[in-house]
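Structural characterization, general
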Amino acid sequence: MSNRAVATDAQPAQTDGKSPPLPAEPDRQPVPLARRLALTVWFWPSAFAALVVGWRIGSPEMWHDELVTVDVATRSTGQIRAMLANVDAVHGAYYLFMHAWTTLFGTSPVAVRLPSALAMTLATACVALVGRRLFDHATGVAAGFVFALVPTVTRFGQETRSYAFVVLASAAATLFLLRALERPRWQRWVAYALAVAGIGLVNVVALTLLLGHGTVVLIHTWRQRHRWPLVWFPLAAVAGVAIAAPAILRGMTQAGRQISWIPDLSPWTVWEQAYGSTLLAAAVTALATVGLLTHLRGDGVHRAVSVTLVAVLPVPVILLASTGEINYFFSKYLLFLLPAWAVLAGAGITALRWTPLMAAGLVVVAALSMPGQLALRGEYSHGWYTYPRTRAFDPLSYSQAARVIEAGYEPGDGLVVGGVWWWMTEPGVRYYLPEDISPPNVFRHRTAAQRNELYGTDCGEPAKCLPDEPRLWLVTPTVTDAPLSGLSKDRAELLGKRYQLARLTHVTGMTVGLLQRRG
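Here we summarise the structure given alongside this text.

Conventions we followed
- Residues numbered from 1 in each chain as written.
- Predicted model: local features only at pLDDT ≥ 70, side-chain atom pairs only at ≥ 80, totals over all residues.
- Heavy atoms only, no water.
- Helix = DSSP H or I, 4+ residues; strand = E, 2+ residues; numbered from the N terminus.
- Expected span 1.5 Å × (residues − 1).
- Buried < 20%, exposed > 50% of the residue type's maximum accessible area, 1.4 Å probe, protein only.
- Contact = heavy atoms within 4.5 Å.
- Disulfide = S-S within 2.5 Å.
- Pairing = 2+ DSSP bridges.
- Axes fitted to C-alpha atoms, helices over the stretch in contact; angles between N-to-C directions.
- Core = buried A, V, L, I, M, F, W, Y, C linked by side-chain atoms within 4.5 Å.
- Parallel < 35°, antiparallel > 145°, perpendicular 65-115°, else oblique.
- Nonpolar A, V, L, I, M, F, W, Y, C, P; charged D, E, K, R; others polar.

This part is about helix α6 (residues 92-105). With 14 residues, α6 should cover 20 Å at 1.5 Å per step; its first-to-last C-alpha distance of 20 Å lies within 8% of that length. Burial in α6 covers these residues: Gly92, Tyr94, Tyr95, Met98, His99, Trp101 and Thr102. On the buried face of α6, the contacting elements are α4 (64-73), α5 (77-84), α7 (109-134) and α10 (163-182). Gly106 lies just past α6 and shows a positive phi near 85°.

Turning to the state of the cysteines, a few remarks are in order. In total, this model carries one disulfide according to the counting rule given. Each sulfur in the disulfide pair Cys459 and Cys465 lies 1.5 Å from the other. Where Cys459 bonds to Cys465 through sulfur, the torsion about that S-S bond is close to 55°, and the disulfide is right-handed. When its relative accessible area of 26% is taken as the criterion, Cys465 is described as partly exposed.

Pro388 follows Tyr387 through a cis peptide bond whose omega is 15°. Within the chain, Arg56 stands out as a residue other than glycine whose phi angle is a positive 60°. Looking at the element boundaries, Arg56 is found in the loop between α3 (43-54) and α4. For Arg56, a relative accessible area of 36% puts it in the partly exposed group. One non-glycine residue, Arg353, lies in positive phi territory at about 70°. Mapping Arg353 onto the fold places it in the loop between α18 (338-350) and α19 (355-375).

Okay, the sheet that holds strand β4 (residues 471-476) next. Strand order in the open sheet formed by four strands is β1-β4-β6-β5, and the pairing between neighbours is mixed. Where the open sheet ends on each side, the last strands, each with one partner, are β1 (414-417) and β5 (499-507). Pairwise comparison of adjacent strand axes, ignoring direction, gives a mean angle of 20° for this sheet. The pairing of β1 with β4 spans four bridges and is classified as parallel. Paired with Val417 across the two strands is Val475, which belongs to β4. Together, β1, β4 and β6 (510-517) form the strand contacts of helix α21 (residues 425-432), whose direction differs from that of β1 by roughly 140°. Sheet strands touched by helix α24 (residues 489-498): β1, β4, β5 and β6. Its angle to β5, the strand with the most contacts, is close to 115°.

Take the pairing of β5 next. Successive residues of a regular strand alternate their side chains across the two faces of the sheet. Direction of pairing for β5 relative to β6: antiparallel, over a ladder of eight bridges. In the strand pairing of β6, Val507 is matched with Met510. From the end of β5 to the start of β6, which pair antiparallel, there are two residues, and Gly509 there has a positive phi angle of about 75°.

In this section: the nonpolar core. General note: in soluble globular proteins, nonpolar side chains tend to be found buried as a group. Of all hydrophobic cores here, the largest spans 96 residues; its most connected members are Phe147 and Tyr192. By residue number, the principal contributor to this core is α10, which donates 14 residues. Once residues lying within four places of it in the same chain are set aside, the contact partners of Phe147 are Met120, Ala123, Thr124, Val127, Val153, Val167, Leu338, Pro339 and Ala342. Met62, Val70, Ile405 and Ile437 belong to the second-largest nonpolar core, a separate cluster that totals 35 residues.

A pair of packed helices is characterised by two quantities: the angle between their axes and the separation of those axes. Running from amino to carboxyl end, α3 crosses helix α8 (residues 137-149) at an angle of 10°, the nearest separation of the two axes being 8 Å. By the angle between their directions, the pair α3 and α8 is classed as roughly parallel. Taking contact as the criterion, the partners of Trp44, Pro45, Phe48, Ala49 and Val52 in α3 are, on α8, Val141, Gly144, Phe145, Ala148 and Leu149. Grouping the amino acids of the contact of α3 with α8 by side-chain chemistry returns nine nonpolar, one polar and no charged.

Here it is as structure tokens:
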């Protein structure tokens, strides 16, 4: 029987003159949400990033910068705003956010680090989406995994500072720009403007990303012959910068005080510190180069050139700005470039074409990142911001010092702290002490919160300020057998006359002494 005959049999003759009924469409089964998520470009890279960032998130010792965040975030909003007029205006939005966060979730290491972990996870999703929009699905997946494998991504995803939010705002701004160029809608330009504002509110250096974005708009306009992006882009960029302008302007007046200490290092040293791995910095740079070169032919050349300009243009500008008295070319300030470099590296991996080879490429990237991942998960890793170079200072264990005081504390004990304020010795020890153990600092005149500053002031005449506590705990941020030597001469002499050293304990990087009143 012919196919025609079969078809005739399947459609019986109509006797009422009407056309034959259309064949019924098979019922479409709804795709489960889990399967839909699994098929998206961002799901697996983001899930991987969440796992990697969350691994041992509460284990590393809180370090100076994180302790500053907790100290400021636990002040009242009025105190925070008053302090920002004097110092740290560039972190103002982050401090206010963390104030609300700690009010709700507390100040445990996991609680205060979780916002950064969430920000880096969302940044990974943005990287994957950018990779897909510029190239294809496979490149987006590869880019997301490369980004999540960078040791500094997961390390700063565990830090109670604003750097993860800088990365998120930068990655989101690039994504929103591509969406606005793809389908121009005012809502999309508003989203881009808000992302730019987010960049300016947390790191003014990262606003150099707008140079790369501007070239993307020019290339798109030249290719598509649409001029409206030349209007919308500057309007959105200016609006975003205007929103962040108060923090930017105030922060510029405070820059000399806050970051004048940053040393001049070779560009490659800064670059490898931005990745947290010498080998991975070299590998990502090489893969990014491959990703660019393999797309210099065909229709994808404008995309490859666009993301390359986003990744590269800010670097010489930041270097040029750093030729003055202040150095802005610092590893932590360059983290906002990692999303664009990850997209290029993802394109380099997918240039291998064959899926097993692409998977092998990601395995190699993972293997190269492993030493950095492990090193930056160590107990005192958060203070090692110069990794893979040598440490800038020895580790300090505030938790060990706190345990010594807790074990021997008696009601009525006082506290004496040595060392300069930026070691955050007192806030660090108090952070790890139980709430019911809070020995008063006997020489403290005004606290940091009372001064609207990052540090307090001590009594000008120690002899008039020293009360009659029978015992004093002396904590210094150094290992020494003569703990009084870490104090000013007048305080050391006064305490030496009135007290004797009853106990001395050395912990990691610190010394805890118990002073007993003479007689």
